[in-house]
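If you want the building blocks of each chain, they are given just below.
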Amino acid sequence: MQIRNRRAVVFCLFAFATLVVLTNASAEDKDVVHLVSGVVKHVDKGSKKVTVKAGDGAEHTIKWTGKTAWHGTKDGGEDIKEGSKLTVRFTEKAGEKTAVGIEDIGKDTKKAVQ
């Protein structure tokens, strides 16, 4: 009977360890969304990238995709140019930043929406 109990204990420990590993792996798969607000320093519409200089002086080059949500701009950001003020929500994987949402927070935002 002791061997049977040992097997049951070993099996339970193995099952618990497997559950812990799978839980940690799925937590790592979730994207963390970052936020940066600042002034546009460069826009490359060909490669779909924008460089935003944040208030702390750091520059962030962020790409956008067809899934990126645009707010306060018309035509998917066609009116974004150098000097525009943006807030960008983005994820980062392997050093590449991808925009989830971009909002024009400049003084002409209301005009762009109309």
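Above this text is the structure in question.
Source: prediction; values computed, not measured. (Residues numbered from 1 in each chain as written. Predicted model: local features only at pLDDT ≥ 70, side-chain atom pairs only at ≥ 80, totals over all residues. Heavy atoms only, no water.)

**Digging into the pairing of strand β5 (residues 85-93)**
Link 1 in the chain: By the bridge criterion, 6 bridges tie strand β1 (residues 34-44) to β5 in an arrangement that is antiparallel. Bridging from a neighbouring strand, histidine 34 pairs with phenylalanine 90 of β5.
Link 2 in the chain: Note: β5 against strand β6 (residues 96-104), 8 bridges, orientation antiparallel. Looking at β6, one finds that arginine 89 is bridged to glycine 101.
Link 3 in the chain: Count of turn residues in the β5/β6 antiparallel hairpin: 2 residues, of which alanine 94 carries a positive phi of about 50°. (Pairing = 2+ DSSP bridges. Helix = DSSP H or I, 4+ residues; strand = E, 2+ residues; numbered from the N terminus.)

**Things to note about unusual backbone geometry**
Link 1 in the chain: Residue lysine 48 is not a glycine yet carries a positive backbone phi of 55°.
Link 2 in the chain: Here lysine 48 shows up in the loop between β1 and β2 (49-54).
Link 3 in the chain: Residue class for lysine 48 comes out partly exposed when judged on its relative accessible area of 39%.
Link 4 in the chain: The phi angle at alanine 94 is positive, at roughly 50°, despite the residue not being glycine. (Buried < 20%, exposed > 50% of the residue type's maximum accessible area, 1.4 Å probe, protein only.)

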